[in-house]
Amino acid sequence: MTLTFEDFPPGRFGTFGPRHVTRDEILAFAAEFDPQPMHLDEEAAAESMLRGLSGSGWHLCSLMMRMMADGFITRAASLGSPGVDEVRWLSPLRPGDDLMLDVDVLEARASKSRPDLGIVKFKGTVRNAKGEALAEMTSPILIKRREGAV
């Protein structure tokens with residue numbers, strides 16, 4: 001079943017995961033995309049403000065996107081996103097973390113210029129197994145409206 005704009009009323013949409021994160025994938029992502037010492041080197045990371053090896057915030061955003069894609073976006077009549085409104089990194093991503101993603105619909109409105117689609121603003125909060133929020137992301141997604149809903 002394809003999810004349309006009408007399937008995303010404001011409120012809690014769902015929780016997705018878990019997604020286990022390994023030390024090796026943290027190191028591999030950092031080596032290719034964010035080669036800073038706190039993401040690559042145990043000793044340097046211990047001396048950093050993060051107090052230990054941590055995954056890149058961009059790695060965490062990539063994991064959040066994958067969890068959203070697996071959870072619902074690939075089943076939605078999504079037309080893409082005009083961008084991200086806000087990303088906040090709240091706590092470090094650590095090797096061995098098991099992630100869960102809470103997704104809320106903050107706002108859903110029909111497009112004025114394109115009545116065949118709506119704009120749904122999502123807020124995703126990714127947490128570790130202890131329940132600590134590691135990151136939040138707020139982003140609108142363009143989603144087709146159900147046939148005859150206009």
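Structure: above.
Now for a description of the structure that goes with this document.

Quick notes on the rules
Residues numbered from 1 in each chain as written. Predicted model: local features only at pLDDT ≥ 70, side-chain atom pairs only at ≥ 80, totals over all residues. Heavy atoms only, no water. Helix = DSSP H or I, 4+ residues; strand = E, 2+ residues; numbered from the N terminus. Buried < 20%, exposed > 50% of the residue type's maximum accessible area, 1.4 Å probe, protein only. Contact = heavy atoms within 4.5 Å. Areas by Shrake-Rupley, 256 points an atom, 1.4 Å probe, with all protein chains shown as cover. Lys, Arg positive; Asp, Glu negative; His and termini not counted. Charge placed at Lys NZ, Arg CZ, Asp CG, Glu CD. Pairing = 2+ DSSP bridges. Core = buried A, V, L, I, M, F, W, Y, C linked by side-chain atoms within 4.5 Å. Salt bridge = Lys/Arg side-chain N within 4 Å of Asp/Glu carboxyl O. Polar contact = N/O pair within 3.5 Å; in protein donor to acceptor, adjacent residues only side chain to side chain.

**Describing the overall build of the protein chain**
Thinking step 1. Secondary structure assignment for the protein chain yields 4 helices and 6 strands.
Thinking step 2. Ordered by position from N to C terminus, the α and β elements of the protein chain give β-α-α-α-α-β-β-β-β-β.
Thinking step 3. For the protein chain, the C-alpha atoms occupy an extent of roughly 60 × 25 × 20 Å along the three principal directions.
Thinking step 4. Within the protein chain, the fraction of its 150 residues that count as buried is 40%.
Thinking step 5. A separation of at least 24 residues holds for 70% of the contacts in the protein chain among residues at least 6 apart in sequence.
Thinking step 6. Summed over its atoms, the accessible surface of the protein chain is roughly 8,300 Å², and 52% of this surface lies on carbon and sulfur atoms.
Thinking step 7. Counting 18 positive and 22 negative side-chain charges, the protein chain places the averaged centre of each group 7 Å from the other.

**Focus: the pairing of strand 4 (residues 98–110)**
Thinking step 1. In terms of strand pairing, strand 1 (residues 11–20) meets strand 4 through 7 bridges, oriented antiparallel. Bridge pairing in strand 4 places His-20 opposite Asp-98.
Thinking step 2. With 10 bridges joining them, strand 4 and strand 5 (residues 117–127) adopt antiparallel strand pairing. Across the sheet, the residue bridging to Val-103 is Gly-124, located in strand 5.
Thinking step 3. The turn linking strand 4 back onto strand 5 is made up of 6 residues.

**A few points about the nonpolar core**
Thinking step 1. One finds Phe-8, Phe-72, Leu-93, Leu-99, Phe-122, Val-126 and Ile-143 to be the most contacted residues of the largest nonpolar core, which totals 28 residues.
Thinking step 2. Ignoring any residue separated from it by four or fewer positions in sequence, one finds Phe-8 in contact with Leu-3, Phe-13, Phe-72, Ala-76, Val-105, Ala-108, Val-120, Phe-122 and Ile-143.

**Some thoughts on the pattern of salt bridges**
Thinking step 1. Overall, the coordinates contain 12 salt bridges when judged by the stated rule.
Thinking step 2. With its nearest N and O atoms 2.9 Å apart, the salt bridge here joins Arg-23 to Glu-42. Here the residue Arg-23 occupies a position in helix 1 (residues 23–33), and Glu-42 occupies one in helix 3 (residues 42–47), the gap between them amounting to 19 residues.
Thinking step 3. You can call Arg-23 partly exposed: its relative accessible area is 37%.
Thinking step 4. Two residues, Asp-116 and Arg-114, come together in a salt bridge whose shortest N-O distance is 3.5 Å.
Thinking step 5. One network of salt bridges, in which partners are shared, links Arg-12, Asp-102, Asp-104 and Arg-127.

**Let's talk about the environment of Arg-109**
Thinking step 1. Tracing the backbone shows Arg-109 in strand 4.
Thinking step 2. It is 17 Å that separates the C-alpha atoms of Arg-109 and Gly-83, two residues lying 26 residues apart in sequence.
Thinking step 3. Ignoring sequence-local partners within four residues, the contact set of Arg-109 consists of Phe-5, Gly-118 and Ile-119.
Thinking step 4. For Arg-109, the side chain forms a polar contact with the side chain of Glu-107, separated by 3.4 Å.

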